[in-house]
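# Survey of secondary and tertiary structure
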Amino acid sequence: SQENEKQIVGKECKDYNLIAIEINQENVFKVDSAVCEAALWAVVNLACDENVATILGSVGGIGAVIDLAEKCQENENIALPSVSAIRNLSSAGTLNYSLLAHTRVCEVLLFMLNKYGKDVEIAETGLWAITNLACDSVLGERLGLLGTGKVITDLYFSIVPLHPSE
């Protein structure tokens with residue numbers, strides 16, 4: 001029923017096999033999380049090229065990636081490809097910065113880093129994403145207001161031992 005469909009969207013993808021994507025108020029689709037993960041990895045690979053990353057941004061790819069990452073932030077399998085896609089899309093320059101500024105990219109990225117940052121690959125990729133986003137004054141200011149300095153410090157101490165063994 002339609003009421004049940006809306007409830008699924010509200011669960012923010014806690015069912016790790018199915019991801020509910022709301023296209024509009026009347027259309028909710030359930031997609032296997034593996035399909036979403038593969039789609040995000042496709043964006044990561046395509047966005048390695050700055051020109052392609054800009055094209056992806058101009059056709060709605062940024063909004064789609066951030067929306068998917070936010071709706072599925074509780075799904076650990078989505079974390080690395082989401083953070084990687086954000087890193088690559090945020091390296092393409094001015095157009096993508098302006099598109100990213102109209103999303104919750106900073107909030108989503110920081111959530112992922114706080115939740116999954118003990119994974120060194122996610123931490124490293126996320127730090128590169130922060131570096132890219134901070135190149136834009138609007139996004140850099142937002143990162144500062146959201147406490148990114150503390151997130152970076154926490155990441156550092158979660159992956160670097162305080163007293164290295166001798």
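Refer to the structure printed above.
Reference entry: report on the structure contained in this document. Just so it is clear, the structure is predicted and the values come from calculations on it, not from any experiment. (Residues numbered from 1 in each chain as written. Predicted model: local features only at pLDDT ≥ 70, side-chain atom pairs only at ≥ 80, totals over all residues. Heavy atoms only, no water.)

Moving on to the packing of helix α2 (residues 33-46) against helix α5 (residues 76-89). Axis angle and axis distance: for two packed helices, these are the angle between their axes and the distance between the axes, and together they describe the pair. For the pair α2 and α5, the least separation of the axes is 8 Å and the interaxial angle reads 25°. Classified by the interaxial angle, the pair formed by α2 and α5 is roughly parallel. The handedness of the crossing between α2 and α5 is left-handed. In contact with Ser33, Cys36, Glu37, Leu40, Trp41, Val43 and Val44 of α2, α5 contributes Asn77, Ile78, Leu80, Pro81, Ser82, Ser84, Ala85, Arg87, Asn88 and Leu89. (Axes fitted to C-alpha atoms, helices over the stretch in contact; angles between N-to-C directions. Helix = DSSP H or I, 4+ residues; strand = E, 2+ residues; numbered from the N terminus. Parallel < 35°, antiparallel > 145°, perpendicular 65-115°, else oblique. Left-handed = near helix turned anticlockwise from the far one by under 90°. Contact = heavy atoms within 4.5 Å.)

A full pass over the atoms with the stated rule returns one aromatic pair. Where Tyr156 meets Phe157, the ring centres are 5.1 Å apart and the plane angle is 80°; that geometry is what we call edge-to-face. With a relative accessible area of 45%, Tyr156 lands in the partly exposed category. (Phe/Tyr/Trp six-rings, centres within 6.5 Å; stacked < 30°, edge-to-face > 60°. Buried < 20%, exposed > 50% of the residue type's maximum accessible area, 1.4 Å probe, protein only.)

On to the nonpolar core, then. Of all hydrophobic cores here, the largest spans 41 residues; its most connected members are Ile66, Leu89, Val105, Leu133 and Leu139. At eight residues, the largest contribution of residues to this core is made by helix α7 (residues 105-116). With residues up to four places along the chain from it excluded, the contact list for Leu89 reads Val43, Ala47, Ala53, Leu56, Ile62, Val65, Asn96 and Leu100. (Core = buried A, V, L, I, M, F, W, Y, C linked by side-chain atoms within 4.5 Å.)

Our focus in this paragraph is the pattern of salt bridges. Evaluated as defined, the whole model comprises five salt bridges. Notably, a salt bridge pairs Lys71 with Asp67, separated by 3.3 Å at the nearest N-O pair. Linking Lys71 with Asp67, this pair stays in helix α4 (residues 61-71), spanning four residues, or about one helical turn. In this structure Lys71 comes out as partly exposed when scored by relative accessible area, which is 21%. Using a relative accessible area of 33% as the deciding quantity, one classes Asp67 as partly exposed. With a shortest N-O distance of 2.5 Å, Glu70 and Arg104 are connected by a salt bridge. With Glu70 in helix α4 and Arg104 in the loop between α6 (94-100) and α7, this residue pair connects regions lying 34 residues apart in the sequence. A relative accessible area of 23% means that Glu70 is categorised as partly exposed. A relative accessible area of 42% places Arg104 in the partly exposed class. (Salt bridge = Lys/Arg side-chain N within 4 Å of Asp/Glu carboxyl O.)

As a further point, take the packing of α7 against helix α10 (residues 148-159). Interhelical geometry of α7 versus α10 gives an angle of 25° and a closest axis separation of 10 Å. The angle between α7 and α10 places the two elements in the roughly parallel class. In the crossing of α7 with α10, the sense of the turn from one axis to the other is left-handed. Judged by residue contacts, Leu110, Leu113 and Asn114 of α7 engage Thr148, Val151 and Leu155 from α10. Grouping the constituent residues of the contact of α7 with α10 by class yields four nonpolar, two polar and no charged. (Nonpolar A, V, L, I, M, F, W, Y, C, P; charged D, E, K, R; others polar.)

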